[in-house]
Amino acid sequence: MLEGELDAHLDYSKHESRKDTNSRNGYSSKQIKTSYGEEKIQVPRDREASFNPMLIPKRKSMIEGVENVIVSLYAKGMSVLTDIKARGTQDILITATDNLSGFTDTIRSVFPESKTQICVVHQIRNACRYVVWKDKKAFTADMKAIYDAPNRQAAELALEDFAAKWESKYSYAILSWRDNWEDLTVFFEFPIEIRKIIYTTNLIENLNGKIRKYTKNKLSFPTDEAVMKSVYLAVRESTKKWTMPLEIGE
């Protein structure tokens, strides 16, 4: 949640290009107190020291009710599915997630016939997390051969080639691909023309980013209606650019 606040403050996510002179500047440790006891956390920083998180403000260590909010959000997330089903949705063809723990299992329990695709872009970011700079260009190019393959069989061969070259140095990355293989390769069951909008959650993340841009400068909203109006304006601006539908050949 703190990382999300910093994303909104800087107006770019962790793996995007910097948009101005301010940038991330590591973390500082902080001891916080909750109703469940004390806990040490890592608070992200920015170079200009202008980031003051609303979740845990500077010079405050007592967190009041945050844990209850988190539990409530988790419960609501589980019910974002059950409510959809209660309104009449019988099935979902495919869902794309960033592999949040438990969410894929929840989708399968509510919509057992739905196919679940783990976001390939998140997988790439996670695999590259500890790759040294001099290896990154070759590493990502070799990894691209996996998800750009024409079919799943070719992707499996590309993964083996990728492993043969890099497993001795970055075994965690190979293991991550293998452990999540079934859910990472669902998009191969669909036409090439639409695979890129299936294997990533970037579309919704871009929309979320535009909504944050509209709301980040307001510290509070007087009413729920004010929030909805701000979100509506952000969505309306975003949809002006949704003018190029995919053309799928027969």
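Residues numbered from 1 in each chain as written. Predicted model: local features only at pLDDT ≥ 70, side-chain atom pairs only at ≥ 80, totals over all residues. Heavy atoms only, no water.

Caption draft 1: Looking closely at a nonpolar patch on the surface. Together, Tyr214, Tyr232 and Leu233 make up an exposed nonpolar region whose accessible area comes to about 300 Å². Relative to the helices and strands, Leu233 is located in helix H11 (residues 224-239). The exposure class assigned to Leu233 is partly exposed, which follows from its relative accessible area of 36%. (Patch = residues over 30% accessible without salt bridge, like charges linked within 9 Å, V, L, I, M, F, W, Y side chains within 5 Å. Areas by Shrake-Rupley, 256 points an atom, 1.4 Å probe, with all protein chains shown as cover. Salt bridge = Lys/Arg side-chain N within 4 Å of Asp/Glu carboxyl O. Helix = DSSP H or I, 4+ residues; strand = E, 2+ residues; numbered from the N terminus. Buried < 20%, exposed > 50% of the residue type's maximum accessible area, 1.4 Å probe, protein only.)

Caption draft 2: Main features of unusual backbone geometry. Of note, the phi angle at Ala49 is positive, near 55 degrees, even though the residue is not glycine. Considering the arrangement of structural elements, one finds Ala49 in the loop between strand S2 (37-46) and helix H2 (66-86). Relative accessible area serves as the criterion here: at 51%, Ala49 is assigned to the exposed category.

Caption draft 3: Main features of the packing of helix H5 (residues 133-147) against helix H6 (residues 152-166). Running from N to C, H5 and H6 point in directions that differ by 155 degrees, and their axes come no closer than 7 Å. Here H5 is positioned roughly antiparallel relative to H6, judged by the angle of their axes. Of the residues in H6, those in contact with Asp135, Ala138, Phe139, Asp142, Met143, Ala145 and Ile146 of H5 are Ala155, Ala158, Leu159, Phe162, Lys165 and Trp166. (Axes fitted to C-alpha atoms, helices over the stretch in contact; angles between N-to-C directions. Parallel < 35°, antiparallel > 145°, perpendicular 65-115°, else oblique. Contact = heavy atoms within 4.5 Å.)

Caption draft 4: Representation of the side chain of Asp7 in the model. Mapped onto the secondary structure, Asp7 falls in helix H1 (residues 2-10). Beyond its immediate sequence surroundings of up to four residues, Asp7 is in contact with Tyr12, Ser13, Lys14 and Arg24.

Caption draft 5: Layout of the nonpolar core. Grouped together as the largest cluster of nonpolar side chains are 30 residues, with contacts concentrated most on Val120, Phe139, Met143, Ile146, Phe162 and Trp177. For this core, the secondary structure elements donating two or more residues are helix H4 (120-128), H5, H6, helix H7 (171-179), helix H8 (181-184) and helix H9 (192-198). Counting residues per element, this core draws most heavily on H6, at 6 residues. Apart from the residues within four sequence positions on either side, Phe139 is in contact with Ala127, Cys128, Val131, Phe162, Trp166, Tyr170 and Ala173. (Core = buried A, V, L, I, M, F, W, Y, C linked by side-chain atoms within 4.5 Å.)

Read these as spatial facts, not as claims about activity.
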